[in-house]
Amino acid sequence: MSPVSSLRRLPRRDLPVGAITMARFLIGKTLVRELPEGRIAGRIVETEAYLPYDKACHAFNGMTKRNHSLFLPPGHAYVYFIYGNYFMLNVSAGKAGVGAAVLFRALEPLAGEQLMKRGRSHVAEKNLARGPGRLAAALRVTMKQDGLDLCAGGPLWLAHAVRPVGRIGRGVRIGITKDADRRLRFYERGNPFVSGPKSLNA
DNA sequence: AGTGCGATTGACT
DNA sequence: GTCAATCGCACTA
C-alpha cells in the first residue's frame, strides 16, 4: 500500500499556535493537493516563519487588501503574487487577528509527480517543488487558493507525516532584506529536496 | 496618477 | 557566479 493512500488529516487542534513552533512542527508533515486529474502530495522539508512585529512579515504595516488571510486563525492559506511571476504559499500561524504565517519553501514529492511536472516537463524531479515559487507552481496554487482552510480536507490540505522526520536545521531566511539576520528558516538536514545553497543546509 | 519594489527563478558569463 | 524579467500593490501627492 502506498504511503499516500492512508494520509490522515491534521485537525486544527493539533496545530501549534505561533509561527516559529508551527514552522518547526510542519517539517516532515504532508501537504496534499486535490486536482480533478488526481492527487499531489509532498513531504514538507523546508519552511520559514514570519512573525508579528517582524519587518519582513507582510503583516508589519497592518491589514491590507492583499494580506488579510495572514490574520485568519491558524491553518489557513495565505497566497500572494511576487516578482510578476510567482505565487508564494503560506499557512497562517497566529491566533485570529494576529498576522503571522509560515512559508512553504520546499517539498519532497510523494505522489503525483507527473501532475507536478505538467507544463514543466524539463524540470528535474528533485527541483519540482524545491523553492517556494516552484512549489506553488507544482501544486497549481494561485490566488484562487488564498484563504482556504488547510485543515478542512478540501482542495489543499495538511496531513500527518508519512515517516519520521530527521534532524531539523535552522538558519536565516532566504531572499529577504528586512530583519534578515533572524534565524527563522527550518529544514530537514541532509534532505536533497531542500532549496538554497548547500552551505546553508548543513 | 505616478513610482518603487519584492519571502524568485532561470538564463547567461 | 551575476542579473534581468515582470506586475500588483502600497505609498506618496
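See the structure above.
Residues numbered from 1 in each chain as written. Chains lettered and ligands numbered in written order. Predicted model: local features only at pLDDT ≥ 70, side-chain atom pairs only at ≥ 80, totals over all residues. Heavy atoms only, no water.

**Section: the overall build of chain A**
Along its length, chain A carries three helices and eight strands. For chain A, whose C-alpha radius of gyration is 15 Å, the value lies close to the compact-globule estimate of 17 Å for 202 residues. The C-alpha extent of chain A, read off along each of the three principal axes, is 45 × 35 × 35 Å. Residues classed as buried in chain A amount to 51% of the 202 residues present. (Helix = DSSP H or I, 4+ residues; strand = E, 2+ residues; numbered from the N terminus. Rg over C-alpha atoms; globule rule 2.2 N^0.38 Å. Buried < 20%, exposed > 50% of the residue type's maximum accessible area, 1.4 Å probe, protein only.)

**Section: the pattern of salt bridges**
The tally for this structure, following the rule as stated, stands at 13 salt bridges. The partner of Arg-140 in a salt bridge is Glu-37, with the nearest N and O atoms 3.2 Å apart. Here Glu-37 lies in the loop between strand S1 (30-35) and strand S2 (38-50) and Arg-140 lies in the loop between helix H3 (132-138) and strand S6 (156-159), a separation of 103 residues in the sequence. Residue classification places Arg-140 among the partly exposed residues on the basis of a relative accessible area of 25%. As a salt-bridge pair, Glu-48 and Arg-105 come within 3.6 Å of each other at their nearest N and O atoms. Here Arg-105 lies in strand S5 (residues 101-111) and Glu-48 lies in strand S2, a separation of 57 residues in the sequence. The burial state of Glu-48 is the same as that of Arg-105; both residues are buried. If you follow the salt bridges from partner to partner, you end up with Arg-43, Glu-108, Arg-163 and Glu-188 in one network. (Salt bridge = Lys/Arg side-chain N within 4 Å of Asp/Glu carboxyl O.)

**Side note on the side chain of Asp-179**
Examined against the element boundaries, Asp-179 turns out to sit in the loop between strand S7 (168-171) and strand S8 (185-188). Residue Asp-179 is classed as buried on the basis of its relative accessible area, which comes to 18%. Setting aside residues up to four positions removed in sequence, Asp-179 forms contacts with Tyr-53, Asp-54, Lys-55, Ala-56 and Arg-173. (Contact = heavy atoms within 4.5 Å.)

**Quick notes on the protein's contact with DNA strand B**
In the neighbourhood of DNA strand B, 18 residues make up the surrounding shell, with Tyr-80, Asn-90, Gly-133, Arg-134 and Ile-176 lying closest. When atoms of DNA strand B within 4 Å of the protein are split into backbone and base, the sugar-phosphate part holds 58%. Between a phosphate oxygen of DNA strand B and a main-chain N or O atom of Pro-132, the distance comes to 3.2 Å. Between DNA strand B and Gly-175, the relevant distance is 3.3 Å, taken from a phosphate oxygen to a main-chain nitrogen or oxygen of the residue. When residues of the surface near DNA strand B are traced back to their parent elements, those giving at least two are strand S3 (77-82), strand S4 (86-92), S5 and H3. Considering only residue class, the surface near DNA strand B consists of 11 nonpolar, five polar and two charged. (Near = heavy atom within 4 Å. Polar contact = N/O pair within 3.5 Å; in protein donor to acceptor, adjacent residues only side chain to side chain. Nonpolar A, V, L, I, M, F, W, Y, C, P; charged D, E, K, R; others polar.)

**A closer look at the pairing of S6**
By the alternation rule, side chains of S6 split into Leu-156 and Leu-158 and Trp-157 and Ala-159, which are all buried. As paired strands, S1 and S6 are joined by four bridges and run antiparallel to one another. The residue of S6 that forms the bridge with Thr-30 is Ala-159. (Pairing = 2+ DSSP bridges.)

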